[in-house]
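# Coordinates in review
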Amino acid sequence: MNVDHWQNIYTSKNDDQVSWTEPYPRIAIDYITSLDLPLTANIIDVGGGTGKFVDALLDLGYVNITVLDISEAALAKSKARLGDRAAKVTWIIADITTFSTDNTYDFWYDRAVFHFLTKEDDILSYVNRVNKYVTEAGNFLLGTFSKNGPLKCSGLVISQYSAEELQETFSPTFELTQSFKHIHTTPFDTTQEFQSVSYTHLRAHETGRN
């Protein structure tokens with residue numbers, strides 16, 4: 001992924017100037033609440049940027065939250081927004097396709113990062129990292145543009161997905177628990193159709209290159 005591109009986006013635009021902004025991460029919060037995870041669960045928001053998933057998790061009392069993004073500028077904005085509460089969060093500046101950690105996560109959340117990976121090697125690297133870093137019986141919630149969604153985002157070509165294609169990508173190590181489409185209304189009052197899927201991790205298995 002292009003670090004300079006995302007640094008430029010987050011230094012030159014406010015949240016109301018980027019299409020992915022949502023006032024409150026209702027879908028993610030409703031889903032994680034339904035899992036009844038302990039407040040000590042390890043949670044990672046991949047490509048969290050300036051999103052407010054972290055705010056909502058803190059409000060609910062979760063204590064082991066990690067936010068990962070390729071853009072240092074994005075995370076700086078989130079830290080500034082959270083103020084003193086930012087110290088309760090682990091912040092990681094990294095490209096998800098090369099990300100490495102000693103931690104594992106009970107809940108992995110990705111809203112609109114995976115569909116930016118258009119090269120096979122990058123997709124395999126992502127899949128391997130989900131397999132490696134999500135705990136056995138851990139949960140994975142993924143949102144991508146659907147087959148009816150945009151073809152580009154932030155000036156970049158993306159990969160559209162159907163539920164079937166996502167299942168093929170992440171099986172056999174993840175069991176599908178939920179699949180649904182939903183419409184996101186952008187700050188510009190346009191709409192984007194997302195395909196979301198949730199999985200339970202069955203077992204770790206590398207699928208190719210790291």
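This write-up is about the structure you can find in this document.

About the criteria used
The residue numbers shown here count from 1 along each chain, following its written sequence. In view of the model being predicted, local features appear only for residues whose pLDDT reaches at least 70, and side-chain atom pairs are presented and counted only at 80 or more, with totals across whole chains, interfaces and linings using the full set of residues. The basis for every side-chain value is the complete set of heavy atoms in the structure, and neither hydrogens nor water enter the calculation. Per the convention used, a helix needs a DSSP run of H or I reaching at least four residues, while a strand needs a run of E reaching at least two, with both numbered from the N terminus. Polar contacts, as used here, are pairs of N or O atoms within 3.5 Å; protein pairs need one atom able to donate a hydrogen and one able to accept it. Residues neighboring in sequence count only if both atoms are side-chain atoms. In summary, the pairing rule links any two rings of Phe, Tyr or Trp, Trp by its six-membered ring, whose centres are within 6.5 Å, and it sorts them by plane angle into stacked for under 30 degrees, edge-to-face for over 60 and tilted for everything else. We call two strands paired when DSSP finds no fewer than two bridges between them. Axis lines are fitted through C-alpha atoms, for helices just across the contact stretch, and the angle between N-to-C directions can take any value from 0 to 180 degrees. Should any heavy atoms of two residues lie within 4.5 Å, those residues are considered in contact. Put simply, a nonpolar core is a bunch of buried Ala, Val, Leu, Ile, Met, Phe, Trp, Tyr and Cys residues held in one set by side-chain atoms that sit within 4.5 Å of each other. Burial classes: relative accessible area under 20% of the type maximum marks a residue as buried, over 50% as exposed, and values in between as partly exposed (1.4 Å probe, protein chains only).

Attention shifts here to the side chain of Arg111. As for its placement among the helices and strands, Arg111 is situated in strand β4 (residues 105–111). A distance of 2.8 Å separates the side chain of Arg111 from the backbone oxygen of Trp20, its partner in a polar contact. A polar contact of 3.5 Å, which involves the side chain of Arg111, links it to the side chain of His184.

Right, let's talk about the packing of aromatic side chains for a bit. Considering all chains together, one arrives at 19 aromatic pairs under this definition. Taken together, Trp108, Phe114, Tyr126, Phe140, Tyr161, Phe170, Phe174 and Tyr199 form an aromatic cluster joined through their ring pairs.

The mixed open sheet is built from seven strands, whose spatial order is β3-β2-β1-β4-β5-β9-β8. Looking along the sheet, the strands with just one partner apiece sit at the ends: β3 (89–93) and β8 (174–185). Shown here is a sheet whose adjacent strand axes are inclined to one another by a mean of 15°, direction ignored. Packed on one face of the sheet, helix α6 (residues 163–170) meets β5 (134–145), β8 and β9 (191–201) and runs near 35° to β9.

Of all hydrophobic cores here, the largest spans 27 residues; its most connected members are Phe99, Trp108, Phe114, Tyr126, Phe140 and Phe170. Broken down by element, the residue count for this core peaks at five residues, all from helix α5 (residues 120–133). Ala28, Ile65, Leu82 and Leu141 belong to the second largest nonpolar core, which has 23 residues in total.

Function-wise, these values are silent; they only describe arrangement.
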